[in-house]
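Read off the chains here:
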Amino acid sequence: MPLCCSTYDVAVVGGGIVGLASARELILRHPTLSFILLEKEKNLGKWWAGREEVTNLTFLLARGAFISRTPLQKHFLHCSKRKTFHKGGKKRFILCHSVLVLAVSQSHSYVITTVLLCASFPYNLIGELTLFRVPSSAIHQSGHNSGVIHSGIYYTPGSLKARLCGKGATMAYEYLDKKGLPYKRCGKLIVAVEREEIPRLKALYERGQKNNVRDLTMIDAKGIREREPYCRGLMALDSPYTGIVDWRLVSLAYGKDFQEAGGTVVTEYEASDMAMVKESPAGNTDGMKYPIAIRDSKGTEVRCRYVLTCGGLYSDRLAQISGCSPDPRIVPFRGDYLVLKPEKHYLVRGNIYPVPDPRFPFLGVHFTPRMDGSVWLGPNAVLAFKREGYKLYDFDARDFGDALSFRGLQKLVMNNLVYGVGEMYRGVFIGAQVKILKKFIPELSLSDVLRGPAGVRAQALDRDGNLVDDFVFDVGVGDVGSRVLHVRNAPSPAATSSLAIAEMVADEVERRFSL
C-alpha cells in the first residue's frame, strides 16, 4: 500500500504476529491518533492479493502418490477435504483449497486453488491443478511454527512467559470464537517413556499447577492409551486446554482489524535507518512535531513521533540502527519437520510431547496435528546459515558471519557440542529422528514419514551463551533511542500470548511516551 501521508504519531516496524497484535491494540485504544505499520514483505492482511498463476497441469494420483507430468519436482499431495457430486452418472471429486503441497520447487511456496478429479478415489485420478505463488506477510516465525495454542505448563512460575501464556490462551480462544476463525482444542500429552523421566514429569505437573493451567491432570499408561491409542508411555500429563490453529490466519485477522480501524500499512518497506529529522524550514513545524525519520533502502522516508519495533529475526539490528544496545543478539536456529503420510494419520489424535531434559537447550521432537489435517513430527534445532534460511543450503554471508563471530554462540556450541552434533545428524539422517519418535509410537516406521517444512527460530543469546528465555523489552537513550520501544525477544509461546503481549506493549508505550 502506498504512503497516504508521511507523518504519523506512532510507527510500528514489523508485521509478524506480535507487531500486528500490538498495532491493533494501540489503534483500538487511541483511535484519534495516526498509526502506520511498516512491513518488509510484499503483502499484509491480503492473503490472496498479488497471486501469480504458475501453471495448469494434468496429473496422475495413484493411491496417494503424486506423479508430475511437468518440469515441477515430484511431490506429495495430502487431501484434507473431499467433496463428491454426480455428473453424467459418474462420481466426481473436488479437492478443496486446503490441500497441502510439499516441496513443489526449491525456491517458492504454492497454494492449490482447485483440483477437479475425474475418476473414483483412491484409484487413478486424472484432473486439472492450478498453482499460484502467493507472496505474503507473516511468513517467517508467525507462519513457520507448530500452530499450537499453548496452555502454559513449562514456564517458570511468575515469569512473563507464564503470566502472558495463560492469559493469552484465554484471549486467543475468545478472539477466535468472536471472529469465527477455525481451531481445534485437541489437547496435549507430555509423555514419560523412561522411569528416570517420571520425577521430572511430576515436577512439571507442579509447575503447571502454579501457573494455573486449566484442567491439567496426571494419567497412567492406561489413560495414555485411552487418549492416544497408539502412544506408549509410563505416565503423562494431560492438557486438554491445549489446541491448534493456523497462526498465520490469526495474524492476518489482526492486520485486518488494524486497517479497518484506520491504520496505514506499507509493505515492501525494510527499515534501514532511524534518525532525528533535520531542522525544519522556516514556517514548517513538522520537524519538531514528528522528529523521527525512518528510511528504507530505496530512500523512502516516514516521519513519526514514536516508534515501536517488533522485528523478530532482525530485532537486534533494528535496535542498533536506533542507537540502542546490540544485546541480546539474535542467532537463527532452523527446525526441520517430518510429516506423516496421510494413510498413517490415524496414529496421532492430539499433540504428543516429550518430557523436557534440562541438560539440553531445546524441547525435543514431538507430534503435532495441523489444521489442514496433516501431522508434523519434530523439529530438530540446528544453526541456520541465514536468518530467513528455511532450506538446508540457504546462506547469507553477513548473517553467518555475525553468528559465528558472536562470543555467546561460541560458548553455547562448546557447552552443547554433543547435543548439537546429534541434532545435525538427525537432520540429515531422518531414520535417527524416527528412532526417537518410535519411543512414543512404536508402530511408526521410516516408510511412514516424508521430509516436511522448516521454521527458523529467532533465538536471543547473551554474551555468556545463555538462551534468553523470556520476553525482553528495551528503550534506548539519546534523541532517537528514547523515542523507540523495542520488543527484543518474543519467543514461543509468543503467538499464543500475542494479545496479552499486545496489552503489555500498549501499556508500556503509553507509559513511556505519554500517549
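The rules we used
Residues numbered from 1 in each chain as written. Predicted model: local features only at pLDDT ≥ 70, side-chain atom pairs only at ≥ 80, totals over all residues. Heavy atoms only, no water. Axes fitted to C-alpha atoms, helices over the stretch in contact; angles between N-to-C directions. Helix = DSSP H or I, 4+ residues; strand = E, 2+ residues; numbered from the N terminus. Parallel < 35°, antiparallel > 145°, perpendicular 65-115°, else oblique. Contact = heavy atoms within 4.5 Å. Nonpolar A, V, L, I, M, F, W, Y, C, P; charged D, E, K, R; others polar. Expected span 1.5 Å × (residues − 1). Core = buried A, V, L, I, M, F, W, Y, C linked by side-chain atoms within 4.5 Å. Buried < 20%, exposed > 50% of the residue type's maximum accessible area, 1.4 Å probe, protein only. Pairing = 2+ DSSP bridges. Polar contact = N/O pair within 3.5 Å; in protein donor to acceptor, adjacent residues only side chain to side chain. Salt bridge = Lys/Arg side-chain N within 4 Å of Asp/Glu carboxyl O. Patch = residues over 30% accessible without salt bridge, like charges linked within 9 Å, V, L, I, M, F, W, Y side chains within 5 Å. Areas by Shrake-Rupley, 256 points an atom, 1.4 Å probe, with all protein chains shown as cover.

Section: the packing of helix 10 (residues 417-428) against helix 11 (residues 430-437)
How two helices sit against one another is set out by the angle between their axes and by the gap between those axes.
Now for step 1: Between helix 10 and helix 11, the shortest axis-to-axis distance is 5 Å and the interhelical angle comes to 105°. With respect to helix 11, the axis of helix 10 lies roughly perpendicular. Taken together, the residues of helix 11 that come into contact with helix 10 (itself represented by Tyr 425, Arg 426, Gly 427 and Val 428) are Ile 430, Ala 432, Gln 433 and Ile 436.
Now for step 2: Class assignment of the residues belonging to the contact of helix 10 with helix 11 gives a composition of five nonpolar, two polar and one charged.

With respect to helix 2 (residues 160-179)
For the α-helix, the turn length of 3.6 residues means that residues three or four positions removed from each other point alike.
Now for step 1: In this model helix 2 runs 27 Å from its N-terminal to its C-terminal C-alpha over 20 residues, within 8% of the 28 Å that 1.5 Å per residue would give.
Now for step 2: One or two residues past the end of helix 2 sits Gly 180, with phi positive at roughly 70°.

As for the environment of Gly 312
Now for step 1: In this fold, Gly 312 is placed in the loop between strand 20 (301-309) and helix 7 (315-321).
Now for step 2: Once the C-alpha coordinates of Gly 312 and Gln 459 are considered, the two residues, 147 residues apart in sequence, prove to be 9.2 Å apart.

Some words on the nonpolar core
Now for step 1: Core analysis: the biggest nonpolar cluster contains 45 residues, and Trp 247, Val 250, Tyr 254 and Leu 308 have the highest contact counts within it.
Now for step 2: Taken together, the elements giving at least two residues each to this core come down to strand 1 (7-13), helix 1 (17-29), strand 2 (35-38), helix 2, helix 5 (247-260), strand 20, strand 28 (484-489) and helix 13 (498-513).
Now for step 3: Ignoring anything within four residues of it in the chain, the contact list for Val 250 reads Tyr 175, Leu 176, Leu 181 and Val 245.
Now for step 4: Within the second largest apolar cluster, 23 residues are counted, among which are Ile 224, Ile 352, Val 434 and Phe 440.

Let's talk about the sheet that holds strand 16 (residues 243-245)
Now for step 1: Reading across the sheet, the three strands line up as 11-16-12 and stay open at both edges, with antiparallel pairing between neighbours. Every interior strand has two partners, whereas the edge strands, strand 11 (148-149) and strand 12 (183-184), have only one.

A short note on unusual backbone geometry
Now for step 1: With an omega of 0°, the peptide bond running from Asp 327 to Pro 328 counts as cis.
Now for step 2: By secondary structure assignment, the location of Pro 328 is in the loop between helix 7 and strand 21 (329-340).
Now for step 3: Following Gly 378, the chain continues into Pro 379 via a peptide bond in cis, with omega recorded as 0°.
Now for step 4: Relative to the elements of secondary structure, Pro 379 occurs in the loop between strand 24 (375-378) and strand 25 (382-383).
Now for step 5: Of note in the backbone geometry, Asn 212 takes a positive phi value of approximately 60° without being a glycine.
Now for step 6: Tracing the sequence through the fold places Asn 212 in the loop between helix 3 (198-210) and strand 14 (217-220).

As for the side chain of Thr 242
Now for step 1: If you trace the backbone, Thr 242 turns up in the loop between strand 15 (235-239) and strand 16.
Now for step 2: Since its relative accessible area comes to 0%, Thr 242 is described here as buried.
Now for step 3: Polar contacts involving the side chain of Thr 242 include one to the side chain of Ser 239, which spans 3.0 Å.
Now for step 4: Contacts of Thr 242, omitting those with residues within four sequence positions, involve Val 148, Ile 149, Ser 151, Tyr 173, Arg 185, Cys 186, Gly 187, Lys 188 and Asn 351.

Examining the pattern of salt bridges
Now for step 1: A complete count under the given rule lists 28 salt bridges for this structure.
Now for step 2: Put simply, Glu 503 and Lys 167 hold a salt bridge, and the shortest N to O gap is 2.7 Å. Pair noted here: Glu 503 is in helix 13 and Lys 167 is in helix 2, with a separation of 336 residues, a long-range link.
Now for step 3: The exposure class assigned to Lys 167 is partly exposed, which follows from its relative accessible area of 42%.
Now for step 4: With a shortest N-O distance of 3.1 Å, Arg 488 and Asp 474 are connected by a salt bridge. Taken as a pair, Arg 488 in strand 28 and Asp 474 in strand 27 (residues 472-475) lie far apart in primary sequence, 14 residues in all. Judged on exposure class, the residue Arg 488 and its partner Asp 474 are both buried.

Some details on a nonpolar patch on the surface
Now for step 1: Among the surface-exposed residues, Val 413, Met 414, Leu 417, Val 421 and Met 424 lie close enough to one another that they form a single nonpolar patch of about 480 Å² accessible area.
Now for step 2: Contributing elements (two or more residues each) for the nonpolar patch: helix 9 (407-415) and helix 10.
Now for step 3: The element that contributes the greatest number of residues to the nonpolar patch is helix 10, accounting for three residues.
Now for step 4: Tracing the backbone shows Val 413 in helix 9.
Now for step 5: For Val 413, a relative accessible area of 39% gives the class partly exposed.

Section: the pairing of strand 19 (residues 292-296)
Now for step 1: Buried residues dominate strand 19, accounting for four of its five residues.
Now for step 2: With five bridges connecting them, strand 18 (residues 271-276) and strand 19 associate as antiparallel partners. Looking at strand 19, one finds that Asp 273 is bridged to Arg 295.
Now for step 3: Sheet analysis places strand 19 next to strand 20, joined by four bridges and oriented antiparallel. Its bridge partner lying in strand 20, Ala 293 is registered against Arg 303.

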